[in-house]
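Now for the letters of each chain:
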Amino acid sequence: MKKSIKSRKYALRSWASSILLIAAGLLSFEAAAQTLTPVQQYGQLKVVGSKIVDKNNQPISLAGNSLFWSNDGWGGEKYYNANVVGWLKNNWQAKIVRVAMGINESGGYLSNPAREKQKVKTVVDACLAAGLYVIIDWHSHQAEQQQQQAIAFFKEMATTYGNSPNVMYEVYNEPLQVSWSGVVKPYAEAVAGAIRAIDPDNLIIVGTPTWSQDVDVAASSPITRYTNIAYTLHFYAATHKASLRAKAQTALSKGVALFVTEYGTTEASGNGYVDAASTQEWMNFMKQNGISHLNWSVNDKAESASVLKLGTSPTSAWSDSYLTQSGTLVKGYIQNWNGTTTGGGPTTPPTPPTTGGTTVQAESYHAMAGVQTETTSDTGGGLNVGYLDNGDWMAYTIDVPTAGSYLIQYRVASLNGGGRISLEQNAGTTIRGTLAVPATGGWQTWTTISHTVTLAAGRQDIAIGVATGGYNLNWWSFTKATTGSRVAAPQTAVALYPNPTQSQLTVAVPETTNGARITVLNAQGREVLARNVSSASASQNVQLTVATLEPGVYSVQVISNGSVTTHRFVKQ
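The residue count restarts for each chain, going from 1 along the sequence in the order it is written. The predicted origin of the model limits local features to residues at a pLDDT of at least 70 and limits the giving and counting of side-chain atom pairs to 80 or more, whereas totals for whole chains, interfaces and linings rest on all residues. Note: side-chain values were computed over all heavy atoms of the structure, leaving out hydrogens and water.

(A) A look at the side chain of Thr519. Secondary structure elements follow DSSP: runs of H or I of four or more residues count as helices, runs of E of two or more count as strands, with numbering from the N terminus. Within the secondary structure, Thr519 sits in strand β25 (residues 516-521). Here Thr519 falls in the buried class, since its relative accessible area comes to 6%. Look past the residues within four positions of Thr519 in its chain and what remains in contact with it is Glu527, Leu529, Ala530, Ser555, Val556 and Gln557. Accessible area is worked out with a 1.4 Å probe on protein chains only. A residue is then buried under 20% of its type maximum, exposed over 50%, and partly exposed in between. Should any heavy atoms of two residues lie within 4.5 Å, those residues are considered in contact.

Dropping the structure here:
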C-alpha cells in the first residue's frame, strides 16, 4: 500500500513539475542530465591528444574516491562492498571509484588470488549497477616482477567487463625509481597488448616512474602501439607542489593525457598535516587542464589521509560527523565537481551552513521508513529526501562533542507548507522538539528553519520524524547553541497498545495542561477518527474503537502541550 501511494504521488508531482517547467521554458539538457548516471551521461571515454573525452567528444573531468589497499588484514578491505559504493554515489556524488588491489605485500593477490579477485568483482559489480566508472588497479610498486600474473589477471577482467564502458584498467600503480623505457614501458605494453586483444576500447592507465610522478619522462617516449592510453600522476598536497605541476604541464604540452588516480591532502606518507591551501592549488590546476582525480582513501586507518574516523562501520550510511578533516575537505570538492571541463566546478570548497556546525545530508540515513530521494536544485546539488508522509522517518548516527543546547537547522522546501519535523531519539520514545515547515512556494524552493534542543554528549542515534508530511529535506545540521537560546524540552512520546490490534486501541496520553487532540490517519493521510482529551495532571489512557477500519497501517497523531507526536499501528 505504501509503495503504490508513493509511486502515485511521485508521478503526480513529477507531472505537475514538468508542466510548470515546460511552460517556463526551463527544461534544459543540463537539468535532464542530472537524472542520468555518470556512465549514461558520458558513455565510452577515450583519449584525444592530451584530453580524455566523452561519447560526444567533449573533454571530461571526473572526481571520485580510491579505496585503500585490498590486502587481507590491512583494515581497508572491509569497505570493499556495495554499501560503500552507494554512499559515495549518493552522498558524495562521486562519479568514479578506484579498486586498489594489493599484489605482493602480505595478504595480497599473490597470496590468495581468488579472494582478492572476489573483492575486486564485488566493487566493480556494484559500480556497474550504480552507473559509476571504476578503475581496476594493479596496486604494486614492482609490477614488472609480476608481469605474467598481471597479464592473466587483466585478461580475465577484460573478458568479464570489457563490454562495459564503466571499466578502466590501471596496470601499474606506482613504479619506483626505475627506467621508463627499459622497465615500465615494456611491461605496460605487454599487459596492454593482452587487454587490447580482448577489449579494444576501454581506457588503460599506465603508472610512471618515481611513484607515478615522472609523467614528463613518459611523455617523451609514449606508448604508441595501442590507443586509449593515459598516464598516472600521483600527488600529496603537503609534499608535492609547483615543481610537480610543472612536470605535469610539460607532459600535457607533449600531447599525452594524464589521470590522477590517487592524491592526498597530506604528506606523501599519508600522514602529517592536511594542506588545504596546496590542495586548492592542485584543484585549480586539474580544473584548468581537465584532469580526472580520485582521493586516497576510503578507510578509517589512523592516518591523516583517511576520509573516515577510526572505527567507522563499513555497513552504514554515514553522516558528515564520521568524516576526518581530510574527508570533509575532499567531499566538498567531489560533491561539487563539474564532470565537463568547460564551465562550473568549485574554486573553493563549500562551507557548512553554520560556522562550527556539523552538516548531515538528508540522504545519508542508515535506516528509514517510507522516504525517497531525488535530485535537488538547491545550492551544492546532489540529492534531497522527499515524498514524505505522516509517520515516515530517517535515522542517523552522529557524534555530539559535548552535552548541552544545540541549534538544529533544517534545509526544507514545501509547496504549500503545513508540515512538521520531529527530532527524535530512542526509537521515537523521546521527542527532542518539533518544528513547523512553512510554505516556500515550490518543491525546490529552499529555506532554512531552526530550533534549539538539548543533546547528550557522545555517539548516538538521531531520527528525523515526519510528524506531518508535505515537504522536502536537503540537509540538517547541529551547532552548539549560544547562551540564552530557548531550548525545547524533551517530550514523553505517546504509547499505543495493543499493536497490532483488531478492535480496540489504547492511546496513553501524557500529562497535559491544555488538553489534547488525537487523530487517526489512514495511509492516504485522511482523517478517519478523532478524539478530544481534556486537561489532566497525570497521563491517561484513551480507548479508541477501530473495529470498523479496513486492515492496514494507520498513524495516530497527538497534539498536546504545544507539540505533535506521530506513531503507527497496524489494524489486522
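Resuming the write-up.
(B) Up close: the packing of helix α5 (residues 113-130) against helix α6 (residues 147-161). Lines are fitted to the C-alpha atoms to define the axes, a helix being fitted only along its stretch in contact, and any angle between axes, read from their N-to-C directions, falls within 0 to 180 degrees. Interhelical geometry of α5 versus α6 gives an angle of 30 degrees and a closest axis separation of 12 Å. Compared by their axis directions, α5 and α6 come out roughly parallel. Here α5 runs over α6; the crossing is right-handed. Mapping the contact onto sequence places Lys117, Val120, Lys121, Val124, Asp125 and Leu128 in α5 and Phe153, Glu156, Met157 and Tyr161 in α6. Class assignment of the residues belonging to the contact of α5 with α6 gives a composition of six nonpolar, no polar and four charged. Roughly parallel here means an angle under 35 degrees, roughly antiparallel means over 145, roughly perpendicular means 65 to 115, and every remaining angle is called oblique. Working rule for handedness: look at the near helix, and if it is turned counterclockwise from the far one by less than a right angle, call the crossing left-handed; if clockwise, right-handed. Throughout, the ten residues Ala, Val, Leu, Ile, Met, Phe, Trp, Tyr, Cys and Pro are labelled nonpolar, Asp, Glu, Lys and Arg are labelled charged, and all others, Gly among them, are labelled polar.

(C) Here's a closer look at the pairing of strand β9 (residues 258-264). With seven of seven residues buried, β9 lies mostly within the body of the structure. For two strands to be treated as a pair, DSSP must find at least two bridges joining them. Bridge count between strand β8 (residues 229-236) and β9: five bridges; the pairing is parallel. When the bridges of β9 are listed, Phe235 appears paired with Tyr263. Once you follow β8 into helix α10 (residues 242-253) and on to β9, the crossover reads as right-handed. One ladder, built from two bridges, connects β9 with strand β10 (residues 293-298); its direction is parallel. Looking at the pairing, Val260 lines up with His293 of β10. Handedness of a crossover is defined as follows: orient the strands so they point away from the viewer, and if the path from the first strand over the helix to the second runs clockwise, the crossover is right-handed.

(D) Spotlight on the pattern of salt bridges. Whenever Lys or Arg places a side-chain nitrogen within 4 Å of a carboxyl oxygen from Asp or Glu, that contact is recorded as a salt bridge. Applying the stated criterion across every chain yields a total of 19 salt bridges. Between Arg98 and Asp137 there is a salt bridge, with the nearest N and O atoms lying 2.9 Å from each other. Of the two residues, Arg98 sits in strand β4 (residues 96-102) while Asp137 sits in strand β5 (residues 133-139), which places them 39 residues apart along the sequence. By the burial criterion, Arg98 is buried, and Asp137 matches it. Of the charged contacts, one joins Glu156 and Lys121 as a salt bridge, the two residues approaching to 3.2 Å between their closest N and O atoms. A residue pair is termed long-range when its members are at least 10 positions apart, and Glu156 in helix α6 and Lys121 in helix α5 qualify at 35 residues. When its relative accessible area of 27% is taken as the criterion, Glu156 is described as partly exposed. Judged by relative accessible area, Lys121 falls into the partly exposed class, the value being 21%.

These values are about where atoms sit, not about what they do.
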